[in-house]
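Examination of the molecular architecture
Chain by chain, the residues:
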Amino acid sequence: MSRTETPRRRPAAPATTAPGRAAPARGAAPARGAAPEQTFHGIAVSPGIAIGPAFGTSEPPAEVTHQKIPAADIEAEGARLEAAIAQSRKQLGKLRTRLSLLPEDSQAEIAPLIDAYLRMLGPSRLVRGARRRIMEGLVAAETAVTEEADAIAAAILTIPGDDGPGRRRRAEEVHEIARRLVRNLTRQPYLSFSALPDGAVLLAEQLRPADVALLDPSRIAGVAASVGGREGHTAVLLRALGLPAVLGAAGIAEAVRPGAVAIIDGAAGTIILDPSEQSLVAARRSVAAFARDRARLGRLRRLSAETLDGQAIELQANLELPRELPLIAQSGAAGIGLLRSEFLFMNREDLPDEDAQADHYRTIVEAMAGDPVTIRVLDWGGEKDIESSGGDDIVRGFAPGFVEANPALGMRGIRLLLRRPDIFETQLAAILRAATAGPVRILLPMVTSLAEVRDAREIYERVVRRLRRRGERLPDPLPPLGIMIETPGAALAADALAFEADFFAIGTNDLAMYALAVDRGAADVAALYDPVHPAVLRLIQFATEAALRTRRPVSVCGEMAADPRFTPLLIGLGLRAFSMNASAIPRVKQAIRGLRADDCARFAHRVMERGDPDEIRAMIDGFARPEP
Ligand code: PEP
Ligand code: MG
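Only a predicted model underlies this, so the values are computations on that prediction, with no experimental measurement involved. (Residues numbered from 1 in each chain as written. Chains lettered and ligands numbered in written order. Predicted model: local features only at pLDDT ≥ 70, side-chain atom pairs only at ≥ 80, totals over all residues. Heavy atoms only, no water.)

1. Brief notes about the overall build of the protein
A tally of regular secondary structure across the protein gives 22 helices and 17 strands. Burial statistics for the protein: of 628 residues in total, 56% are counted as buried. In the protein, of all internal contacts separated by at least 6 residues, the share reaching a separation of at least 24 is 72%. For the protein, the computed accessible surface area is about 25,800 Å², with 53% contributed by carbon and sulfur atoms. (Helix = DSSP H or I, 4+ residues; strand = E, 2+ residues; numbered from the N terminus. Buried < 20%, exposed > 50% of the residue type's maximum accessible area, 1.4 Å probe, protein only. Contact = heavy atoms within 4.5 Å. Areas by Shrake-Rupley, 256 points an atom, 1.4 Å probe, with all protein chains shown as cover.)

Here you go:
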């Protein structure tokens, strides 16, 4: 996307306004320079205005400084090094055993690399050298490892001969194992935001979902990144946290001058760096208008979600991080329609055990005080690209830097769980235990075939029997087992799947991605991503009709449910349950309260006769526009 420059009239006033939320920007003062105002354009991802000092983000490991230790600490420092070596060996050993999940050619490529790393953690020059540096150089373990690795890599690079690429690769391997040791010594998260001042506007090259999970929305005012699309998981999480955000704004990461004032407009999709006084005044006005709008919509909380002709619509919230619970409580949601459990597996080096998971789920179920909670089992993989703090994929056991050939079509969701029944069973057991605290449903992600649902149900029943043998108290009746309809395969087989699945949740994000072959998280093809393309609408219609015919409950939990422009069409297709990010609920409720279900049905009928997405979009805009 593009960038424009406008001459600046006066230096920016200090930033004091946070994005449509109460917390004022505090901390580092914005730089007052003579830089001209620059506007960057990207994809509007999460509404709200953020004004604050801009900061970038850096990848760990953080700089390791030359840190001296007293002679009395030699033994303790040596022990730290040995512990980090043991931990690194353990991590790599796990990776080695899980390689069988990969296709054979990938195994053949990765196994020797892991073996090389393991050798470097044995009686290698790196380990011997690091130990010696601690004892003789009196330096901290991190310093010893980093400096020894630098020395070895430099020596490798100066070996005479013509195998330049080979030498560079070996030198990088030494650095990579040193980075692993340092990460284990310092226990750093993958990306660290703790150093950002309160009220900061974060401008990054790229943010992964696991990175967003580390953001504290009470401290960060807004976010922009050079890459990313509207429906990717990074965007989903940013909306969930209510952080004003723009993604796909090319060049923004390079342009950041730490501390300079930035304005993010998450509805317009713009970022202004070094704003003029005029732009600042306008942005502050928008902050106030946004707050007034929120307050007005907040008053809808206690009103029912019912059409003018008396059709009750169920509005539930999606939850991706437990810190959304207060937002969900304020939204008037009638339960959680999609709990994305991936948060439990992000930014950690080991798998969460049954007790830890049960505690998390129970806390959420109890917080919903009798309203239903639909817990989706782990949807790992694809563009979620979830990495632990060690930089490894803890579920699949892939090493840092591993790239699945075609992740969206690869080992994702239910496919992976059926390959890792240990993880699946642990999660099911935890959910069952939490389900004694309130009504719960279990949801399977990325289903494409009947066999997957049957296999999953068999595992579910096995877990139930095991828990009964263990004397565990279980809910009666047991939680229903439903499926996401988020692949064209599942949508078109919905009539058959309805016999195996207890309910359907239509995931329009992936459904549109797979139907249109457009990466939901990519900026360059974002314009092609269209949930009202007739192909997507026909899949939704087919799956909905299959559910209604077989009396299976059906809801929409993709981002389409959160857009009030699409509400009439979805109601017209027969849908009566929607789940969305909590902050979208009031606006969708407002739309519902102005609609008649029979008008919606006639409207949907007309739309489904059309084959041109532009025409459909025009019809949707026309229907949403109130009569003059
Ligand atoms: C979807 O695909 O629409 C969905 C709700 O799942 P997720 O966004 O977590 O992939
Ligand atoms: Mg999905």
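2. Observations concerning the coordination of the magnesium ion (ligand 2)
Note on the magnesium ion (ligand 2): its protein donors are Glu-486 (OE) and Asp-510 (OD). The metal-donor distances range over 2.0 Å. Placement of Glu-486 in the loop between β14 (481-485) and α15 (488-492) and of Asp-510 in helix α17 (residues 508-516) is noted, with a sequence separation of 24 residues between them. Looking at Asp-510, the relative accessible area reads 2%, which means it is buried. (Donors = N, O, S within 2.8 Å, 3.2 Å for Na, K, Ca; no water.)

3. Some points on the pattern of salt bridges
Pairs can form between side chains of opposite charge once their charged atoms are near each other. Going through the model one piece at a time under the given rule, you end up with 38 salt bridges. Taking the shortest distance from any N to any O, the salt bridge between Arg-131 and Glu-82 comes out at 2.8 Å. Note that Arg-131 is positioned in helix α3 (residues 125-137) and Glu-82 in helix α1 (residues 74-98), a separation of 49 residues in sequence. For Arg-131, a relative accessible area of 34% gives the class partly exposed. Between Asp-293 and Arg-587 there is a salt bridge whose closest N-O contact spans 2.6 Å. (Salt bridge = Lys/Arg side-chain N within 4 Å of Asp/Glu carboxyl O.)

4. Thoughts on the packing of aromatic side chains
For the structure on display, the rule yields two aromatic pairs. Note on Phe-345 and Trp-380: the rings are 6.0 Å apart at their centroids and 70 degrees apart in plane angle, and the pair reads as edge-to-face. Of the two residues, Phe-345 sits in the loop between β11 (336-340) and α11 (354-367) while Trp-380 sits in the loop between β12 (373-376) and α12 (414-419), which places them 35 residues apart along the sequence. Ring geometry for Phe-603 and Phe-623: centres 4.2 Å apart, planes at 20 degrees, overall stacked. Linking Phe-603 in helix α21 (residues 597-608) with Phe-623 in helix α22 (residues 613-624), this pair joins segments that are 20 residues apart in sequence. Phe-623 gets classed as partly exposed once you look at its relative accessible area, which sits at 27%. (Phe/Tyr/Trp six-rings, centres within 6.5 Å; stacked < 30°, edge-to-face > 60°.)

5. Here we look at the confidence of the model for the protein
Per-chain confidence: the protein averages 87 in pLDDT, with 87% of residues scoring 70 or above. The model gives residues 5-33 a pLDDT under 50, and that stretch makes 78 contacts with residues more than four places away or in other chains. (pLDDT = per-residue confidence, 0-100.)

6. Focus: empty space enclosed by the protein
Taken as a whole, this structure holds three cavities of 30 Å³ or more when the rule is applied. If you add up the space inside the second largest cavity, you get close to 70 Å³. Contributing to the lining of the second largest cavity are 15 residues, with Arg-340, Arg-376, Glu-486, Asn-509 and Asp-510 lying nearest its centre. Of all the secondary structure elements, the ones that give two or more residues to the lining of the second largest cavity are β11 and α17. Classifying every residue of the lining of the second largest cavity by side-chain character gives three nonpolar, four polar and eight charged. (1 Å grid on protein atoms, 1.4 Å probe; cavity = no way out; pocket = protein on both sides within 12 Å on 5 of 7 lines; lining within 4 Å. Points joined across faces, edges and corners; volume = space filled by probe spheres on them. Nonpolar A, V, L, I, M, F, W, Y, C, P; charged D, E, K, R; others polar.)

7. Overview of helix α14 (residues 450-469)
Taking 1.5 Å as the rise per residue, α14 with 20 residues should run 28 Å; its terminal C-alpha atoms sit 29 Å apart, in good agreement. Looking at the buried side of α14, the elements it contacts are α11, α12, α13 (421-434), β13 (440-444), β14 and α16 (494-497). Just past α14, the residue Gly-471 takes up positive phi, approximately 80 degrees. (Expected span 1.5 Å × (residues − 1).)

8. Focus: the site of ligand 1
As a structural note, the neighbourhood of ligand 1 is formed by 16 residues, with Arg-340, Arg-376, Gly-507, Asn-509 and Arg-520 the closest of them. Between ligand 1 and the protein, one listed contact pairs an oxygen atom with a backbone N or O atom of Thr-508 at 3.1 Å. Cavity membership is defined here by more than half of the atoms lying within 2 Å of grid points; on that basis ligand 1 lies in the second largest cavity. Broken down by secondary-structure element, the contributors of at least two residues to the shell around ligand 1 are β11 and α17. With three residues, α17 is the largest single contributor of residues to the shell around ligand 1. When the residues that make up the shell around ligand 1 are grouped by side-chain class, the tally is three nonpolar, five polar and eight charged. (Near = heavy atom within 4 Å. Polar contact = N/O pair within 3.5 Å; in protein donor to acceptor, adjacent residues only side chain to side chain. Sits in = over half its atoms within 2 Å of the grid points.)

9. Let's talk about the environment of Pro-568
In this fold, Pro-568 is placed in helix α19 (residues 567-572). Taking C-alpha positions, Pro-568 is 10.0 Å from Asp-598, a pair spaced 30 residues apart along the chain. Ignoring any residue separated from it by four or fewer positions in sequence, one finds Pro-568 in contact with Leu-595, Cys-600, Phe-603 and Phe-623.

10. Quick word on the environment of Ser-304
Positionally, Ser-304 belongs in the loop between α9 (277-298) and β10 (314-319). Ignoring any residue separated from it by four or fewer positions in sequence, one finds Ser-304 in contact with Lys-589 and Arg-593.

11. Some details on the side chain of Asp-274
Residue placement: Asp-274 occurs in the loop between β9 (270-273) and α9. A residue is classified by how much of its surface remains accessible, and Asp-274, at 6% relative accessible area, is buried. A polar contact of 2.5 Å, which involves the side chain of Asp-274, links it to the side chain of Arg-257.

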